[in-house]
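Coordinate analysis (summary)
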Amino acid sequence: MRCYGSPLKDEMFLPRMTILPSSLLFLLVSSIMAANEPAGCKIRITDKGLNMLKFETQRFVEEELSNISMPEMKGTEGRFQYTITNVKITKLNLTAELQFIPDVGLLFDVQNSSISLSFHRQILYWFFYDTGNINAAAEGVNINTAVSLIRDDEGRLKINNITCDAKISKMRAKFSGTLGKVYDFLATFLTTGMRFLLNKQICPALNNAALVHVNSMLETIPVRTEVDQYIGIDYSLVDDPIVTSRSLDMNFRGMFFDLSDPNSTLVNYAVDPVIREYDRMVYLALSEYFFDSGLYSYYRAGIFQMHVVNEKMPKDLEMLLKTTYFGSILILNPALVDAPMSLQIAVNAPPKTSIKTSGATVVMTAIVKVMVLPPGLPPVQLSSMTMETKFHAKVSIKGKRLSIRADLRRFKIFSNQSALESLALIPLQAPLKTMLQMSVVPLINNWTKRGVRIPLADGVDFIEEVVEYHNGFILIGANLHFSKGLREMITGSNQTEP
């Protein structure tokens, strides 16, 4: 006997079978989109920048090795009883290279170097007791330290792992004092032990320096921080740093946000910046999204609004408003003729940035309401106009602060009520443009003159910068200047710049 499934039951199972693959497809697409999040800001450090960093790194390593604490040595060799104390590293002569390791991070390589030491001896030979200093030299010092760089859970650059190998080929010691020549043969025995102990101390010292001290300095680089009282910026890495034989590339989110509503952000659909150059020490690339998210956040914060009234209203502009088209409206109501006038300006959509090879521009549209303010009475609206403006934006960088200066290039107003009124507003074009240049543009430049900090550690600044404009992004090439040593940068990691 054959049994057949019910058609009704088959239809009931069909939707569940189709829902499961659709859900998996949605999760797959979402994960791909999250993994490929575009960057609004990119920084490339080239091998030229790394070469400058080498000197600071070498000095820092020398300081760390100089602070190595060696244990006391006690023992007996034949009829000799000895105690070695107060071991100090007196001089380091390191020959080092700092280079990129593709897909990993950095390599600090010390070859054929030397370390000078001094320590105090106490030696008992039969009934003779002698003390004195020993000068020793470690030769053929080779230290190979590989540092792995990653993006941590907060989106911060971090040293994740260190591979260290230290070897000392030989060590010589020279005794001084009354019986110095008598127990010179002890030198081989003592230096062998000292070489073993020194070998054991080098890598732990460097591991601690990188994983603790350098990571603490990297934590001073802002990831999500306030720009001013209205907006903040997110500089978290969107993926792990990309390391090649010639550069270290870091892709940052580069997104501004409204402090009062940080979850309301702009989606990044802008052109992905491309850095092809290697001539300078460092390159900073900023997409249109970087600027658009800032303008969007300011718009969300409600600061693109202005009330031109009382002393802010230029007297010649007020006179022009009353003697042109709006004067004919005021005549219809004599009670309003002598009342002061005001302009209410409010941007009605987030401004939009456009970056071309010819430069950067910002287009902004606003509603302008012409108001009369009769004493003791509610304000009266005479007209509502749309104002279209286009600003030229000049980007500059000083130290590690990026700033923008706006210059009004195009201005147009038209009525929201009728084409006839738009014609009547033509005589107001030039005066209103002048008013914007004198009142609104300085206000915008005042907001932007302080600038926003780029993601660099304290003590590192841009110098000799060159700004280039490309289709969809701005590229700034510069050299690096260390105003502090690496040790100072680490020591001052708890006192970061605002």
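The structure we're discussing is the one just above.
Residues numbered from 1 in each chain as written. Predicted model: local features only at pLDDT ≥ 70, side-chain atom pairs only at ≥ 80, totals over all residues. Heavy atoms only, no water.

**Quick word on the overall build of the chain**
Helix and strand counts for the chain stand at 9 helices and 22 strands. Residues counted as buried form 47% of the 498 residues belonging to the chain. Across the chain, the fraction of contacts at a sequence separation of at least 24, relative to all contacts at a separation of at least 6, is 69%. Only carbon and sulfur atoms are counted for the fraction: they give 55% of the accessible area of the chain, which is about 26200 Å². (Helix = DSSP H or I, 4+ residues; strand = E, 2+ residues; numbered from the N terminus. Buried < 20%, exposed > 50% of the residue type's maximum accessible area, 1.4 Å probe, protein only. Contact = heavy atoms within 4.5 Å. Areas by Shrake-Rupley, 256 points an atom, 1.4 Å probe, with all protein chains shown as cover.)

**Examining the state of the cysteines**
Counted under the stated rule, the structure contains 1 disulfide. The disulfide that involves Cys164 links it to Cys203, with 2.1 Å between the sulfurs. Because the torsion about its S-S bond is -80°, the bridge between Cys164 and Cys203 counts as left-handed. One end of the pair, Cys164, is in strand E7 (residues 157–175); the other, Cys203, is in helix H3 (residues 186–218), and 39 residues separate them in sequence. On the accessibility criterion, Cys164 (21% relative accessible area) is partly exposed. Using a relative accessible area of 12% as the deciding quantity, one classes Cys203 as buried. (Disulfide = S-S within 2.5 Å.)

**Details of the nonpolar core**
Counting residues in each nonpolar core, the largest one holds 129 residues, and the members touching the most others are Leu198, Phe290 and Leu343. Among the elements that line this core, the one with the most residues is H3, at 13 residues. Ignoring sequence-local partners within four residues, the contact set of Leu343 consists of Met306, His307, Val308, Met313, Leu317, Leu321, Val368, Lys369, Val370, Leu432 and Met435. Counting 5 residues, the second-largest nonpolar core is a separate cluster that includes Ile275, Ala285, Phe473 and Leu475. (Core = buried A, V, L, I, M, F, W, Y, C linked by side-chain atoms within 4.5 Å.)

**Quick notes on the side chain of Lys400**
Within the secondary structure, Lys400 is located in the loop between strand E18 (380–398) and strand E19 (401–415). On the basis of relative accessibility, which here comes to 2%, the residue Lys400 falls in the buried class. A distance of 2.9 Å separates a polar atom in the side chain of Lys400 from a polar atom in the side chain of Asp461. (Polar contact = N/O pair within 3.5 Å; in protein donor to acceptor, adjacent residues only side chain to side chain.)

**Observations concerning the sheet that holds strand E12 (residues 255–258)**
What the 3 strands build is an open sheet, ordered E8-E9-E12; its pairing is antiparallel. Because the sheet does not close on itself, it has two edges, and the strands there are strand E8 (224–226) and E12. The average undirected angle you get between the axes of adjacent strands in this sheet is 30°. When strand E9 (residues 231–234) meets E12, the two strands line up antiparallel, connected through 4 bridges. (Pairing = 2+ DSSP bridges. Axes fitted to C-alpha atoms, helices over the stretch in contact; angles between N-to-C directions.)

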